[in-house]
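# Topology and contacts: notes
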Amino acid sequence: MKKIVMFGICGKMGTSISRELMKEEEIELVGGFDIENAGVDIGEFLIGKKTGYKIYNSYKDIKELSPDIIIDFTNANAANKTINWAIDNNINIIVGTTGLSGEDLDNIESKALKSNSKTFIAPNFSIGAVIMIKISKMISKYFDNCEIIELHHDKKKDAPSGTSILTAEQISLSNTFNKSRLKEGETETIEGCRGGFTGGIHIHSIRLPGLLAHQNVIFGAKGQTLSIKHDSLDRSSFYPGVILAVRSMDKLSNYTFGLDKLINI
Ligand SMILES: NC(=O)c1ccc[n+]([C@@H]2O[C@H](COP(=O)([O-])OP(=O)(O)OC[C@H]3O[C@@H](n4cnc5c(N)ncnc54)[C@H](O)[C@@H]3O)[C@@H](O)[C@H]2O)c1
């Protein structure tokens, strides 16, 4: 039986993933961590039925639960603090939170590699998104231009999405599209309308109610375009990736970034 604590348990992802974890036979959700609802029974909060396990807001209480794995779906600041605490306290951690800076991730990686615990970070837990990135990388060898449009619900705090950054980074390993955000002679009448820029690729972020998590990778060449589009229509799309990470944890090395490392594609 694996003992798991969910950080951000009161949020949209924390709630959705926790409800699914509670159905697994080999897993026991022994607590939650959140700045909201401290002291509330997790079962009562999630499914309206008491389990005897609570929501906490102190690392000391979480340590006393001796979890095998903690899972984090909070925000970048909170996650950065929690990951460092988990590594310092030899606790295995799975992170779905996005918005961590490149510098934060580099620091976490070097710390994790010297640690006695396992850290797994994935900016996107949906299998479809992982395949979209893989295919985009393949296509990029044959096209001269690429731009990414990522669309999310209006409550998303970080922009651009972690998935779009990862996609741009992966594509840039096989092709360099642009050296600078604006080409010579190109102007913006409204500042920012050519989007963000990383890995030689422009990223355009759309935030609207009604959306969940969507991405369109558009390649262009003379006389043609090719688009690869992925839509997460429901938060259930992330669960298979999360449970795969939980089940793979024992055989992972101390630091792993990306769900693609767990899928043979
Ligand atoms: N990796 C993926 O596949 C994936 C998918 C969807 C969302 N996400 C990311 O997961 C994160 C959470 O998304 P969400 O939609 O559930 O957000 P949300 O705002 O609904 O939930 C965040 C939760 O974290 C809690 N929280 C905030 N600060 C905290 C702190 N200091 N300590 C403890 N808890 C704290 C909030 O109270 C809230 O309950 C975001 O970074 C989002 O981009 C990742």
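Everything that follows concerns the structure shown earlier in this document.
The text that follows walks through the structure, step by step, so that each part is easy to find.

Rules used in this analysis
Residues numbered from 1 in each chain as written. Predicted model: local features only at pLDDT ≥ 70, side-chain atom pairs only at ≥ 80, totals over all residues. Heavy atoms only, no water. Helix = DSSP H or I, 4+ residues; strand = E, 2+ residues; numbered from the N terminus. Rg over C-alpha atoms; globule rule 2.2 N^0.38 Å. Areas by Shrake-Rupley, 256 points an atom, 1.4 Å probe, with all protein chains shown as cover. Near = heavy atom within 4 Å. Polar contact = N/O pair within 3.5 Å; in protein donor to acceptor, adjacent residues only side chain to side chain. 1 Å grid on protein atoms, 1.4 Å probe; cavity = no way out; pocket = protein on both sides within 12 Å on 5 of 7 lines; lining within 4 Å. Sits in = over half its atoms within 2 Å of the grid points. Nonpolar A, V, L, I, M, F, W, Y, C, P; charged D, E, K, R; others polar. Domains from an automatic or database assignment. Expected span 1.5 Å × (residues − 1). Buried < 20%, exposed > 50% of the residue type's maximum accessible area, 1.4 Å probe, protein only. Contact = heavy atoms within 4.5 Å. Patch = residues over 30% accessible without salt bridge, like charges linked within 9 Å, V, L, I, M, F, W, Y side chains within 5 Å. Salt bridge = Lys/Arg side-chain N within 4 Å of Asp/Glu carboxyl O. Core = buried A, V, L, I, M, F, W, Y, C linked by side-chain atoms within 4.5 Å. Pairing = 2+ DSSP bridges. Axes fitted to C-alpha atoms, helices over the stretch in contact; angles between N-to-C directions.

## Remarks on the overall build of the chain
- Check the secondary structure of the chain and you find eight helices and twelve strands.
- Compactness check: the chain gives a C-alpha radius of gyration of 20 Å against a globular reference of 18 Å for 265 residues, within 12% of the reference.
- Dimensions along the principal axes, computed over C-alpha positions, put the chain at roughly 65 × 40 × 30 Å.
- Working note: accessible area of the chain is about 13,300 Å², and carbon and sulfur atoms make up 51% of it.

## Focus on the site of the ligand
- Near the ligand you find 24 residues, and of these Lys 12, Met 13, Asp 34, Thr 98 and Phe 125 are the closest.
- Between the ligand and the protein, one listed contact pairs an oxygen atom with a backbone N or O atom of Phe 125 at 2.7 Å.
- Between the ligand and Lys 156 there is a distance of 2.9 Å, counted from an oxygen atom to a side-chain nitrogen or oxygen.
- Within the complex, the protein chains bury 83% of what would otherwise be the 870 Å² of accessible surface of the ligand.
- Here the ligand occupies the largest pocket.
- Considering only residue class, the shell around the ligand consists of ten nonpolar, eight polar and six charged.
- Structurally, the shell around the ligand is a two-domain feature, drawing no fewer than three residues from each of domain 1 (2–121 + 236–262) and domain 2 (127–233).

## Let's talk about helix α4 (residues 76–88)
- Over its 13 residues, α4 extends 18 Å from the first C-alpha to the last, a length consistent with the 18 Å expected when each residue adds 1.5 Å.
- By the burial criterion, the buried members of α4 are Ala 79, Asn 80, Thr 82, Ile 83, Asn 84, Trp 85, Ala 86 and Ile 87.
- The inward-facing, buried residues of α4 abut β1 (2–7), α3 (59–64), β4 (69–72), β5 (92–95), α5 (102–113) and β6 (119–121).
- Asn 90 lies just past α4 and shows a positive phi near 55 degrees.

## Observations regarding helix α1 (residues 12–21)
- Of all ten residues in α1, seven are buried, a share of seventy percent or more.
- Every buried residue of α1 is listed here: Met 13, Gly 14, Thr 15, Ser 16, Ile 17, Ser 18 and Leu 21.
- Packed against the buried residues of α1 are β1, β2 (27–33), α2 (42–47), β4 and α8 (239–248).

## With respect to a nonpolar patch on the surface
- Judged by side-chain polarity, Ile 127, Ile 131, Ile 135 and Ile 265 come together as a nonpolar surface patch covering roughly 280 Å² of accessible area.
- With respect to the element layout, Ile 265 can be found in the segment after β12 (255–257).

## Quick word on unusual backbone geometry
- Omega for the bond connecting Ala 159 with Pro 160 falls within 30 degrees of zero, at -5 degrees, which places this linkage in the cis form.
- Relative to the helices and strands, Pro 160 resides in the loop between β7 (145–152) and α7 (162–172).
- Despite not being glycine, Asn 37 has its phi angle at roughly 60 degrees, a positive value.
- Its place among the elements puts Asn 37 in the loop between β2 and α2.

## Quick notes on the nonpolar core
- With 32 residues, the main nonpolar core has Ile 17, Leu 21, Ile 71, Ile 94, Phe 120 and Phe 125 as its most contacted residues.
- Elements supplying a minimum of two residues to this core: β1, α1, β2, α2, β4 and α8.
- Counting residues per element, this core draws most heavily on α8, at five residues.
- Beyond its immediate chain neighbours, meaning those up to four positions away, Leu 21 contacts Ile 4, Met 6, Ile 27, Leu 29, Ile 71, Tyr 239 and Ile 243.

## Overview of the sheet that holds strand β9 (residues 201–207)
- Across the sheet, which stays open at both edges, the five strands sit in the order β8-β9-β7-β10-β11 with mixed pairing between neighbours. The two strands at the open ends of the sheet, each matched to only one other strand, are β8 (196–198) and β11 (224–232). Averaged over all pairs of adjacent strands, the angle between strand axes in this sheet comes to 20 degrees, irrespective of strand direction.
- Across eight bridges, β7 lies against strand β10 (residues 213–221) in antiparallel orientation. Counted as the bridge partner of Leu 151 is His 214 from β10.
- Each of β7, β8, β9 and β10 touches α7; the most contacted strand, β10, lies at about 30 degrees to it.

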